[in-house]
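The chain contents come next:
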Number of protein chains: 2
Amino acid sequence: MIDFPYIGDICRPTGSKIVMLVVDGLGGLPHPETGRSELESARLPNLDTLAQRSAAGLTTPVAPGIAPGSGPGHTALFGYDPVKYLMGRGVLEALGLGVELRDGDVAVRCNFCTMDESGLIVDRRAGRIPTEESRPLVEELSRIEVPGARLSVHQGRDYRFVIVLSGEGLGTNVCETDPSVTGGAPLEPAALSDDSRVTARALSVFAGEARKRLAGRATANMVLLRGFAKLPDWPRMDDVYRLRPAAIAAYPMYRGLATLLGMEVLPTGDTFDDELDTLERSFEDHDFFFLHYKPADAAGEDGDFGAKVAALEELDAGIPRLLSLGADTLVVAGDHSTPAIMASHSWHPVPLLVNSRLTAGDGVPAFTERGCATGSIGRIPATSVMMLAMANAGKLVRFGP
Amino acid sequence: MIDFPYIGDICRPTGSKIVMLVVDGLGGLPHPETGRSELESARLPNLDTLAQRSAAGLTTPVAPGIAPGSGPGHTALFGYDPVKYLMGRGVLEALGLGVELRDGDVAVRCNFCTMDESGLIVDRRAGRIPTEESRPLVEELSRIEVPGARLSVHQGRDYRFVIVLSGEGLGTNVCETDPSVTGGAPLEPAALSDDSRVTARALSVFAGEARKRLAGRATANMVLLRGFAKLPDWPRMDDVYRLRPAAIAAYPMYRGLATLLGMEVLPTGDTFDDELDTLERSFEDHDFFFLHYKPADAAGEDGDFGAKVAALEELDAGIPRLLSLGADTLVVAGDHSTPAIMASHSWHPVPLLVNSRLTAGDGVPAFTERGCATGSIGRIPATSVMMLAMANAGKLVRFGP
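Quick summary incoming for the structure in this document. (Residues numbered from 1 in each chain as written. Chains lettered and ligands numbered in written order. Predicted model: local features only at pLDDT ≥ 70, side-chain atom pairs only at ≥ 80, totals over all residues. Heavy atoms only, no water.)

**What about the overall build of chain A?**
Rule in force here: Strands are runs of DSSP state E lasting at least 2 residues, helices are runs of H or I lasting at least 4, and numbering of each runs from the N terminus. The atom set for the radius of gyration is the C-alpha atoms, and the globule formula is 2.2 Å times the number of residues raised to the power 0.38. Exposed residues in this analysis have more than 50% of their type's maximum accessible area, buried residues have under 20%, and partly exposed residues fall in between, with area computed by a 1.4 Å probe over protein chains only. The contact rule is simple, with two residues in contact once any of their heavy atoms fall within 4.5 Å. Counting rule for charge: Lys and Arg are taken as positive, Asp and Glu as negative, and neither His nor the chain ends is counted. In this description, the location of a charge corresponds to atom NZ of lysine, CZ of arginine, CG of aspartate or CD of glutamate.
Looking only at helices and strands, chain A has 14 helices and 13 strands in total. In summary, chain A has a C-alpha radius of gyration of 23 Å against a globular reference of 21 Å for 401 residues, a match within 12%. Along the three orthogonal principal directions, the C-alpha set of chain A runs to about 70 × 55 × 35 Å. Out of the 401 residues in chain A, the part that is buried amounts to 56%. For chain A, the proportion of contacts with a sequence separation of at least 24, taken over those separated by at least 6, is 73%. Separation of charge centres in chain A, based on 38 positive and 52 negative side chains, amounts to 3 Å.

**What about helix 7 (residues 197-214) of chain A?**
All names here are of chain A. We count it as follows: One less than the residue count of a helix, multiplied by 1.5 Å, gives the span that helix is expected to have.
Counted at 1.5 Å a residue, the expected span for helix 7 with its 18 residues is 26 Å, and the 26 Å between its end C-alpha atoms agrees. Listed as buried for helix 7 are Thr 199, Ala 200, Ala 202, Leu 203, Val 205, Phe 206, Ala 207, Ala 210 and Leu 214. For helix 7, the elements touching its buried residues are strand 3 (106-115), helix 6 (131-141), strand 5 (150-155), strand 6 (160-166) and strand 7 (222-229). Where helix 7 terminates, the next one or two residues include Gly 216, which has phi positive at roughly 90°.

**Side note on helix 14 (residues 385-392) of chain A**
Structural remark: α-helix, 3.6 residues per turn; residues separated by three or four positions point the same way. Residue and element names in this part refer to chain A. Within helix 14, 8 of the 8 residues are buried, leaving the element largely enclosed by the surrounding structure. All of the buried residues along helix 14 are Val 385, Met 386, Met 387, Leu 388, Ala 389, Met 390, Ala 391 and Asn 392. Remark: Gly 394 follows helix 14 within two positions and exhibits a positive phi of approximately 70°.

**Focus on the interface of chain A and chain B**
Rules: Computed with a 1.4 Å rolling probe, the buried area is the accessible surface lost when two parts are put together, summed over both parts. One speaks of a salt bridge when a side-chain nitrogen belonging to Lys or Arg is within 4 Å of a carboxyl oxygen belonging to Asp or Glu. As used in this structure description, the phrase polar contact means that two N or O atoms lie within 3.5 Å; if the pair is within protein, one of them must be able to donate a hydrogen and the other to accept it, and residues adjacent in sequence are counted only when both atoms belong to side chains. As a working rule, the residues Ala, Val, Leu, Ile, Met, Phe, Trp, Tyr, Cys and Pro are called nonpolar, Asp, Glu, Lys and Arg charged, and the rest polar, with Gly in that last group.
Counting from both sides, the interface comprises 24 residues of chain A and, opposite them, 30 residues of chain B. Carbon and sulfur atoms supply 68% of the area that chain A and chain B bury against each other, a total of about 2100 Å² over both sides. Interface area lost by chain A to chain B is led by Arg 398, Phe 399 and Pro 401 of chain A, which between them contribute 36%. The interface formed by chain A and chain B includes 1 salt bridge. Glu 301 of chain B serves as the salt-bridge partner of Arg 398 of chain A, at 3.6 Å between the closest nitrogen and oxygen. Linking chain A with chain B are 8 residue pairs in polar contact (both at pLDDT 80 or more), by the criterion used here. Of all the secondary-structure elements, those providing two or more residues to the side of chain A that touches chain B are strand 13 (378-381) and helix 14 of chain A. Looking at the side of chain A that touches chain B element by element, the count peaks at 4 residues for helix 14 of chain A. Grouping the amino acids of the side of chain A that touches chain B by side-chain chemistry returns 15 nonpolar, 6 polar and 3 charged.

**A few points about the sheet that holds strand 2 (residues 55-60) of chain A**
All names here are of chain A. Quick reminder of the rule: Any two strands with at least two DSSP bridges between them are considered paired.
What the 8 strands build is an open sheet, ordered 9-8-10-1-11-12-2-13; its pairing is mixed. For this open sheet the edge positions go to strand 9 (264-265) and strand 13, each flanked by a neighbour on one side alone. Bridge analysis of strand 2 against strand 12 (residues 350-355) gives 5 bridges, and the strand direction is antiparallel. Following the sheet pairing, Gly 57 is matched in strand 12 by Leu 352.

**What to know about the sheet that holds strand 8 (residues 245-248) of chain B**
Residue and element names in this part refer to chain B. Where we set the bar: Think of each axis as a best-fit line through the C-alpha atoms, taken over the contacting stretch in the case of a helix, with angles from 0 to 180 degrees between the N-to-C directions.
The strand order across the open sheet built from 8 strands is 9-8-10-1-11-12-2-13, with neighbouring strands paired in mixed fashion. The outermost strands of the open sheet, each flanked by one partner alone, are strand 9 (264-265) and strand 13 (378-381). Against the sheet, helix 4 (residues 70-77) makes contact with strand 1 (18-23), strand 10 (288-293) and strand 11 (329-333), and its axis sits at roughly 155° relative to strand 1, the strand it touches most.

**A word on the environment of Asp 103 of chain A**
Looking at the element boundaries, Asp 103 of chain A is found in the loop between helix 5 (89-96) and strand 3. Considered as a pair, Asp 103 of chain A and Asp 233 of chain A are 130 residues apart in the sequence and their alpha carbons are 8.8 Å apart.

**A look at the packing of aromatic side chains**
Residues and elements named next belong to chain B. Stated precisely, the cut-off is as follows: Here a Phe, Tyr or Trp ring, Trp counted by its six-membered ring, pairs with any other such ring whose centre lies within 6.5 Å, and the pair is stacked when the planes are under 30 degrees apart, edge-to-face when over 60, and tilted otherwise.
Across all of its chains, the model carries 24 aromatic pairs over all chains by this definition. Plain terms: the ring middles of Phe 78 and Phe 290 are 4.9 Å apart, the flat faces sit at 75° to each other, and that makes the pair edge-to-face. Here the residue Phe 78 occupies a position in the loop between helix 4 and helix 5 (89-96), and Phe 290 occupies one in strand 10, the gap between them amounting to 212 residues. The two residues Phe 78 and Phe 290 agree in class, both being buried.

**Some details on the pairing of strand 1 of chain B**
Residues and elements named next belong to chain B. Among the 6 residues that make up strand 1, 6 are buried, leaving the element largely enclosed by the rest of the structure. Neither face of strand 1 is exposed, since Ile 18, Met 20 and Val 22 on one face and Val 19, Leu 21 and Val 23 on the opposite face are all buried. Pairing of strand 1 with strand 10, which is carried by 6 bridges, proceeds in the parallel orientation. Across the sheet, the residue bridging to Val 19 is Phe 289, located in strand 10. Alignment of strand 1 against strand 11, held across 5 bridges, turns out to be parallel. If you follow Val 22 over to strand 11, its bridge partner there is Ala 333.

What follows is the structure in structure tokens.
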């Protein structure tokens, strides 16, 4: 794990290949009617067989009881302490929209809200207006100019958008303008330290201009600004692990995160088959592949149990193609659980399997929450997965005399 | 574990006896032809029966994925954080040869190498010349005198040897002379800080003299020096745990390590029967016994699956004698796994059993990797084993009000 102080002494570059398949929102909970979780309900012949002949276990994404966002869920799997290496919300939001950020840029997570005639907020999310309705408003806001920085405005989903300030000397220590309760007025984006005065001035002008340009509307007549953040300066996976890592992910957020961590992002399509095509094409060029599978989480977040089962079965159908590549180490992990009955991320431990010629084959009955609980890996922090993968691929030498 | 801040408050001396049997390299991996590990292949009627009526589990020596050397593997079992309490390479090597080190001595791990006519290294290990060939060379080098320190030279295995500098003001912050690649010249053992100038000067003279005395040889015509280290000043087990601890180990390295940790080293013979004789003779004189069994690791490191199975069966034959002593707590643990199919130490979790009148008897099917995975202890850091042993022997009082 990245906090292991001797990591630089024990990692060695080799030609062996690691594939880490991250199934977003992998874990779940039983359906009240059947008593079976999504993994237990799905027909997963390939994953079940693979689990039986692998080392199996459960990962704790952050700590028992903590449901992580996508950021900490993933950084942990790559060995970064998710509490220490926590990305600013504005950056994650910008990466999720595919916005390219440069060092020094400040990204801000914004949304439309609705004020009454006296300027007090009556709806902090402007009735969750759909993207079609917010798009012309975002276009209008993108014409605003601010002092001391270049401004760009990027449409998000529904009532959300992102602004990016570029320029010199932009701090992020600025008061968020969302009062967090209805009945209050939007707050002033005041600088909380000297290094953030330029940012505060630019955002104040932006908020004032936005209020003017949205005036007269019944809803979505104001904006709220928060999550001011810059790209963090984190250790890169290629340096830390002496790898040539690559990321294959259909969703922009995961590509952005991978770039931050020093992975090369390989262009790919929208489906798991597209991702496998990309993996096959580039298999010789890298020694570590992060392969991201999103549909299980999306279905879980929608609270659609059947759709999550179907997403897992679709994943299972691609496993033989993945196995045929003959990676030295294959890890199947999840960034967190997303039980459909909760329609949200959760804290529940996440199934894990590690397969290499050095895994014994625990004989767990199936690749499920309850099955993996009986495996030899036990329950480990997600931050340990990366070192297990490295060890199984022969990329770690002995620690200590 | 030793980092538990209230350890001094809860340990109490009692007359009860703990025996910790450390089976070096205990864990393994399945043989590709049978699918059964060394422990699963061996006939171990005594250990299997003992495991069934003990608390069983698996230990993680350092962290998932980290394969420890013998030093960290053992210090962890005695409750010392193996990352924080890491011994210098030279010290471990000297201890392994049975060299007695005193406080302030600097031990150096050395080996013969081969240079070409222009002084560039063509073989960093001098063709791994056997001990018979290196012995007269070591004798020649032992006649060298160096300024500022007394020098002693000690034969190691094959192409390796150890030198010890004794005297005042000897630091260890010196550049290693092994360039780590062939084609380079040996580096100068330069002082990297002021406190190490005397050491550097002595080593420089030694290296220069060695070059002269080995000149004209086709191979093994130079030496490389590294792993400069002193005895560390660690908390002693007798102080930390309020024990009268003793070590019974056939191999010098483990006796040296035990001395460092404050154990009394009991003279013993080469076999497990000899060690059991020693244990029986001194059973009344101590309340903690570290009993070391080496053959399983040696066979594993040789990649000899059958020899490791035989070593485990030989151990099993001694268990009834061990049990007949009636220790209040018997722990059977391993410092790390040494799967014969890897012919090296590994990171895999290690079987553990703890037997006392206060262990429930988990009913695990056998003393194997897969069997112990189902035990009540679960998977714990190796640093927790010592406190479990103490608790089972009634040597810990309640923590906190």
